[in-house]
Amino acid sequence: MPKPAKGPRLGGGPAHERLLLANLAVALFTHKSIQTTETKAKRLRPVAERLVTFAKRGDLHARRRVLAVLRNKDATHELFAEIAPLVALREGGYTRIIKTGYRKGDNAPMAVIELCLEPVNPKPKAKKAAAPAAAPVASAAPVAEEPEVVAEEVVDAPVAEVTEAAAEEKAE
Amino acid sequence: MAVPKRKQSRSNTRARRSQWKAENIQLVKSVENGQTVYRLPHRANVVTDSAGTELFLEYKGRKVADV
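How each quantity is defined
- Residues numbered from 1 in each chain as written.
- Chains lettered and ligands numbered in written order.
- Predicted model: local features only at pLDDT ≥ 70, side-chain atom pairs only at ≥ 80, totals over all residues.
- Heavy atoms only, no water.
- Pairing = 2+ DSSP bridges.
- Helix = DSSP H or I, 4+ residues; strand = E, 2+ residues; numbered from the N terminus.
- Axes fitted to C-alpha atoms, helices over the stretch in contact; angles between N-to-C directions.
- Contact = heavy atoms within 4.5 Å.
- Parallel < 35°, antiparallel > 145°, perpendicular 65-115°, else oblique.
- Left-handed = near helix turned anticlockwise from the far one by under 90°.
- Nonpolar A, V, L, I, M, F, W, Y, C, P; charged D, E, K, R; others polar.
- pLDDT = per-residue confidence, 0-100.
- Buried area = accessible area lost by both parts, 1.4 Å probe.
- Salt bridge = Lys/Arg side-chain N within 4 Å of Asp/Glu carboxyl O.
- Polar contact = N/O pair within 3.5 Å; in protein donor to acceptor, adjacent residues only side chain to side chain.
- 1 Å grid on protein atoms, 1.4 Å probe; cavity = no way out; pocket = protein on both sides within 12 Å on 5 of 7 lines; lining within 4 Å.
- Points joined across faces, edges and corners; volume = space filled by probe spheres on them.
- Buried < 20%, exposed > 50% of the residue type's maximum accessible area, 1.4 Å probe, protein only.

## Brief notes about the sheet that holds strand β1 (residues 33–37) of chain A
Residue and element names in this part refer to chain A. Reading across from one edge, β1-β3-β2 is the order of the 3 strands in this open sheet, with antiparallel pairing throughout. Every interior strand has two partners, whereas the edge strands, β1 and β2 (95–102), have only one. Averaged over all neighbouring strand pairs, the angle between strand axes comes to 25°, with direction disregarded. As paired strands, β1 and strand β3 (residues 109–115) are joined by 5 bridges and run antiparallel to one another. When the sheet's bridge partners are listed, Thr37 is paired in β3 with Met110. Where helix α1 (residues 14–31) meets the sheet, its contacts fall on β1, β2 and β3, and the angle it forms with β1 comes to roughly 150°.

## Here we look at the environment of Gly101(A)
Within the fold, Gly101(A) resides in strand β2. Remark: the alpha-carbon pair of Gly101(A) and Ala62(A), spanning 39 residues in sequence, is separated by 37 Å. Those residues in contact with Gly101(A), other than ones at most four positions away along the chain, are Ala108(A), Pro109(A), Met110(A) and Arg43(B).

## Looking at the packing of helix α2 (residues 38–57) of chain A against helix α3 (residues 60–70) of chain A
All names here are of chain A. Contact pair α2 / α3: the axes reach a minimum separation of 8 Å and the direction vectors enclose 150°. By the angle between their axes, α2 is roughly antiparallel relative to α3. As α2 runs across α3, the sense of the crossing is left-handed. For the pair α2 and α3, contact is made by Arg50, Leu51, Phe54 and Arg57 and by Ala62, Arg65, Val66, Val69 and Leu70, respectively. Split into classes, the residues belonging to the contact of α2 with α3 amount to 6 nonpolar, no polar and 3 charged.

## Regarding the confidence of the model for chain B
Here chain B averages 91 in pLDDT, and 100% of its residues register 70 or above. Among the scores for the predicted complex, ipTM is 0.75 and pTM is 0.72.

## Overview of the interface of chain B and chain A
Tallying the contact residues gives 8 residues for chain B and 9 residues for chain A. Contact between chain B and chain A buries roughly 740 Å² in total, counting both sides, with carbon and sulfur atoms accounting for 58%. A per-residue breakdown of the area chain B buries against chain A is headed by Arg43(B), Arg62(B) and Val64(B), which together make up 61% of the total. At the boundary of chain B with chain A, the tally comes to 1 salt bridge. Notably, a salt bridge pairs Arg62(B) with Glu118(A), separated by 3.6 Å at the nearest N-O pair. In this structure, the connection of chain B to chain A is made through 2 residue pairs in polar contact (both at pLDDT 80 or more). Secondary structure elements with two or more residues in the side of chain B that touches chain A: β4 (54–59) and β5 (62–66) of chain B. In terms of residue count, β5(B) provides more of the side of chain B that touches chain A than any other element does, 3 residues in total.

## Here we look at the confidence of the model for chain A
Residue and element names in this part refer to chain A. Across chain A, pLDDT averages 82, with 73% of residues at or above 70. The least confident element of chain A is helix α6 (residues 146–171), whose mean pLDDT is 50; the most confident is α3, at 97. Scored below 50 in pLDDT, residues 137–155 makes 6 contacts in the model with residues more than four places away or belonging to other chains.

## So, the layout of surface pockets
All names here are of chain A. If you add up the space inside the second largest pocket, you get close to 640 Å³. Forming the walls of the second largest pocket are 23 residues, and the residues nearest its centre are Ala5, Arg18, Leu21, Arg43 and Val47. Of all elements in the fold, only α1, α2 and α3 reach the threshold of two or more residues within the lining of the second largest pocket. The dominant element in the lining of the second largest pocket, judged by the number of residues it contributes, is α2, at 8 residues. Considered class by class, the residues forming the lining of the second largest pocket number 12 nonpolar, 1 polar and 10 charged.

## A few points about unusual backbone geometry
Positive phi outside glycine occurs at Arg71(A), with the angle close to 60°. Following the sequence through the fold, Arg71(A) ends up in the loop between α3 and α4 (73–86). Judged by relative accessible area, which is 61%, Arg71(A) ranks as exposed. Its identity as a non-glycine residue notwithstanding, Lys60(B) has a phi of 50°, on the positive side. Structurally, Lys60(B) can be placed in the loop between β4 and β5. Classification of Lys60(B) as exposed rests on a relative accessible area of 71%.

Shown next as structure tokens:
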């Protein structure tokens, strides 16, 4: 027996639901950030992220599979040409849902769903490899410069550490 | 079809309704600029300027949407 999709059902039937989700995905890929109800945002998230995964694959077969869902060439092109390169380094979690309060009129809980297009700033996963390299730099920095240094390290250090760690892994 | 035999007494009605209770809203307490602020959890906040004009919605230091 097929497992039902997670979350509440939308629309008047399965076809209506597919169309609703496809139209929401088109709007999301066109505008990068859309406001909708919390329920729809939660249903849209897996649909959109799956399409982004196809876009990252980038071949013609993937493009046709996305086009079969979206039915919109402009949005599909936008997804493959603009969005996919920006999330190339991101390992899933391409969308972000933020709750924004209640809609005037029917008091429906609203949310903004947006694509995470900013560069990935990964948490130091390879702590054992990165920590010894980072520690001497931090301790060597003079106390007077500390406020600036802290801010810079937060921005710069993880990227540098990860590239180093990645290089080390490749070398091994 | 089963039907009630008797009118329900005021006492029984009121005893049942006395169990309807509103629950307190769960709020998150934080201190901003020396003032204690209560907010709904996991919800974007409205950022206002000093005159109290609403500027935009903010969540975790990130601008979310216009008001």
